[in-house]
Amino acid sequence: MESKISRTPDNGKGTMVEDKAEYREAVRKQLNDEVKKIIDLEMQKAAQELIEEHKKATRQVVEEYRAAIHQIVQEEKEEIWKKAEMLKKSILQLGL
C-alpha cells in the first residue's frame with residue numbers, strides 16, 4: 001500500500017497519522033469483506049444442506065405412501081380372489 005505524506009503548512013513536516021487511519025480503514029474493510037464472504041459461503045452451504053434434507057424427507061414419505069398403497073392393492077386383490085372362490089363354491093353347490 002502506498003503511503004501518502006501530507007505536508008502541514010506551518011512547518012512542512014510530513015504526518016503519518018492520516019496514513020495510519022487510512023491503512024486501518026483499508027484493513028478493516030478487507031477483513032469485513034472476507035468475513036462477509038465466509039458468512040455468505042456458510043449460509044449457502046447451510047441452505048443447500050437444508051434443501052437436500054428436505055428432498056430426502058420428501059422421497060422417504062413418498063416411498064412410505066407408495067409401499068402403503070401397494071400393500072392395500074395386494075390386500076384388495078386377495079379379497080377379490082377370496083370372493084371369486086366363494087362364488088365358485090356357491091355356484092357349484094347350487095348345481096348339485
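Residues numbered from 1 in each chain as written. Predicted model: local features only at pLDDT ≥ 70, side-chain atom pairs only at ≥ 80, totals over all residues. Heavy atoms only, no water.

K.L.:
Which residues make up the overall build of the chain, and what values go with them?
P.N.:
A tally of helices and strands in the chain yields one helix and two strands. Per-residue burial over the chain gives 1% buried out of 96 residues. Counting every atom, the chain has about 9600 Å² of accessible surface; 60% of that belongs to carbon and sulfur. (Helix = DSSP H or I, 4+ residues; strand = E, 2+ residues; numbered from the N terminus. Buried < 20%, exposed > 50% of the residue type's maximum accessible area, 1.4 Å probe, protein only. Areas by Shrake-Rupley, 256 points an atom, 1.4 Å probe, with all protein chains shown as cover.)

K.L.:
So what about a nonpolar patch on the surface? Which residues, and what values?
P.N.:
A cluster of nonpolar residues, Val-61, Tyr-65, Ile-69 and Val-73, forms a patch on the protein surface that exposes about 390 Å² of accessible area. When its relative accessible area of 53% is taken as the criterion, Ile-69 is described as exposed. (Patch = residues over 30% accessible without salt bridge, like charges linked within 9 Å, V, L, I, M, F, W, Y side chains within 5 Å. Salt bridge = Lys/Arg side-chain N within 4 Å of Asp/Glu carboxyl O.)

K.L.:
Describe the pattern of salt bridges, and please don't skip the residues or the numbers.
P.N.:
Scanning all chains against the criterion turns up seven salt bridges. For the salt bridge of Lys-29 with Asp-33, the shortest nitrogen-to-oxygen distance reads 3.1 Å. A residue pair is termed a helical-turn pair when its members lie 3 or 4 positions apart in one helix, as Lys-29 and Asp-33 do in helix α1 (residues 17–95) at four residues. The shortest N-O distance in the salt bridge between Asp-40 and Lys-36 comes to 3.1 Å. Highlighted residues: Asp-40 and Lys-36, both in helix α1, separated by four residues, approximately one helical turn. With a relative accessible area of 35%, Asp-40 lands in the partly exposed category.

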